[in-house]
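Topology and contacts: notes
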Amino acid sequence: MSKQRWRRLPDGRYLYRRSVTIDGIEQEVKRTLDTVKDCQRLDAELTRKQDSGGVVRESRVTVAEHAREWLGSAKNLRPSTRHNYRSILEAYIIPTLGSVQLRKLTTPRLQAWVDELERTGKTGGGKGNSERRGSPLSPKTVANVHGVLHKALQRAVVWRRIDRNPADDVELPRRRKTERRSATLDELARIVAACDSDRLGAAWRLAWMLGVRRGELRALTWRDIDLDTGLVSITKSMVRVGTTDHIDETKTANGMRVNSIDLETVALLRRWREAQRLERMLAGNEWRGGDVESCHVLTDADGSPVTPSSIRRRHDALLRAAGVPRYLMHEARHTVVVQRAKYEPMHTVSRMVGHASAAYTVDQYWHAQTVLELALLDESVKQPTPLQGDFEVTV
């Protein structure tokens, strides 16, 4: 029978004392607990930790102190990822949990925190460090916030500041698939026609006909485009963090791809390249784009890359000129998948837009049409009818 390591105090609580040895270092644990069962649980936990060489004196470091240290030392993070993690920490995690010591974090406490975020979006950090209430957060946002906290706490486990990750068993709100908007074939034709008279029309055609992402468009240089063979290489993405642009790899490994360009888009690209050369001459010493033969395709009049906000405004103007409803840039990708999947093999469409697999494409576009599923399940039977004109098959 194990030695009893607690005694009853005059106020009815119990004083627990025990010496344990971890990694050859003897340490004394002294706690005041409410019940005998609490003492027994602590005793069993300390025995387990001592046998496994785990943490005994759990860290008094706060969530804020640890989270900032973790993010500052984290390696292999893209600048945009680090920026997003920091934004989540400062907006949702540190204002609400920052002053809590790591050792006092429990799964029930984190569960209540997650539930409150979903219900009210409540955070701290208001004026004078007062609490402010936000709007209810979507399940996706809640999952993102929880994910950042989980990563930070997992590093605390590695650093032996805590014994286990209390975020492991938190139940997240169920994420519901939402229908993705896409343009009709008639709207798509009107958008493509409007590109002919737009300054960035060639870029819009790449987005609406090949599903090129906004960041991928911004990263394109003339070295990535072979106008003689009609090929465009998508190998990187430009991401803006604050006021600084960063060149990253594409979103996924399969995002690196080579697509063919239809003749109309090639002609529009040639016309835009000549216009850009003229802008280079007019800008003189004010030109910021470098060598005009290898500079970015999407530039302002001074050669600097077009900003994300400018792309959004100009894209909205294009849609107004086309007389179609407002669509987000990413919804151009949805349109490409939905329209092309009616006539082309799913693996071709998936590869063209840079998805991980045809199965992923079907899963993401479950709402579109039954033909999406049939394209994946029975491609050997389906006989695709190639799209004509502007919808040249891309490989």
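In case you missed it, the structure is sitting above this.
Residues numbered from 1 in each chain as written. Predicted model: local features only at pLDDT ≥ 70, side-chain atom pairs only at ≥ 80, totals over all residues. Heavy atoms only, no water.

A look at the packing of helix H11 (residues 329–340) against helix H12 (residues 346–353)
- Two elements in contact, H11 and H12, have axes whose closest approach is 10 Å; the angle formed by their N-to-C orientations is 165°. If you check the angle between H11 and H12, you find them roughly antiparallel. The crossing of H11 and H12 is right-handed. On H12, the residues touching Arg-333, Val-336, Val-337 and Arg-340 of H11 are Val-349, Met-352 and Val-353. (Axes fitted to C-alpha atoms, helices over the stretch in contact; angles between N-to-C directions. Helix = DSSP H or I, 4+ residues; strand = E, 2+ residues; numbered from the N terminus. Parallel < 35°, antiparallel > 145°, perpendicular 65-115°, else oblique. Left-handed = near helix turned anticlockwise from the far one by under 90°. Contact = heavy atoms within 4.5 Å.)

Notes on helix H10 (residues 308–322)
- Counted at 1.5 Å a residue, the expected span for H10 with its 15 residues is 21 Å, and the 21 Å between its end C-alpha atoms agrees.
- Among the residues of H10, Pro-308, Ser-310, Ile-311, His-315, Asp-316, Leu-318, Leu-319 and Ala-322 are the ones counted as buried.
- For H10, the elements touching its buried residues are helix H6 (185–194), helix H7 (201–210), helix H8 (214–219), strand E6 (236–241) and H11.
- Directly after H10, the chain includes Gly-323, whose backbone phi takes a positive value near 70°. (Expected span 1.5 Å × (residues − 1). Buried < 20%, exposed > 50% of the residue type's maximum accessible area, 1.4 Å probe, protein only.)

Quick look at the packing of helix H3 (residues 79–97) against helix H4 (residues 107–120)
- Following both chains from N to C, one finds H3 and H4 inclined at 135°, their axes separated by 12 Å at the closest point. Judged on the interaxial angle alone, H4 and H3 are oblique. The element H3 and its partner H4 pack so that their crossing is right-handed. Mapping the contact onto sequence places Tyr-92, Ile-93, Thr-96 and Leu-97 in H3 and Leu-110, Trp-113 and Leu-117 in H4.
- When the residues that make up the contact of H3 with H4 are grouped by side-chain class, the tally is 6 nonpolar, 1 polar and no charged. (Nonpolar A, V, L, I, M, F, W, Y, C, P; charged D, E, K, R; others polar.)

Overview of the sheet that holds strand E5 (residues 231–234)
- Ordered by their spatial adjacency, 3 strands build an open sheet running E4-E5-E8, and the pairing between neighbours is antiparallel. Two strands close off the open sheet at either side, each with one partner strand: strand E4 (225–226) and strand E8 (257–260).
- Strand direction decides the pairing type here: E5 and E8, joined by 4 bridges, are antiparallel. Across the sheet, Leu-231 pairs through a bridge with Ser-260, a residue of E8. (Pairing = 2+ DSSP bridges.)

As for the pairing of E6
- As paired strands, E6 and strand E7 (residues 244–249) are joined by 6 bridges and run antiparallel to one another. Opposite Val-241, over in E7, you have Thr-244 as the bridge partner.
- Where E6 folds back onto E7 in an antiparallel hairpin, the turn is made up of 2 residues, including Gly-242, whose phi is positive at roughly 70°.

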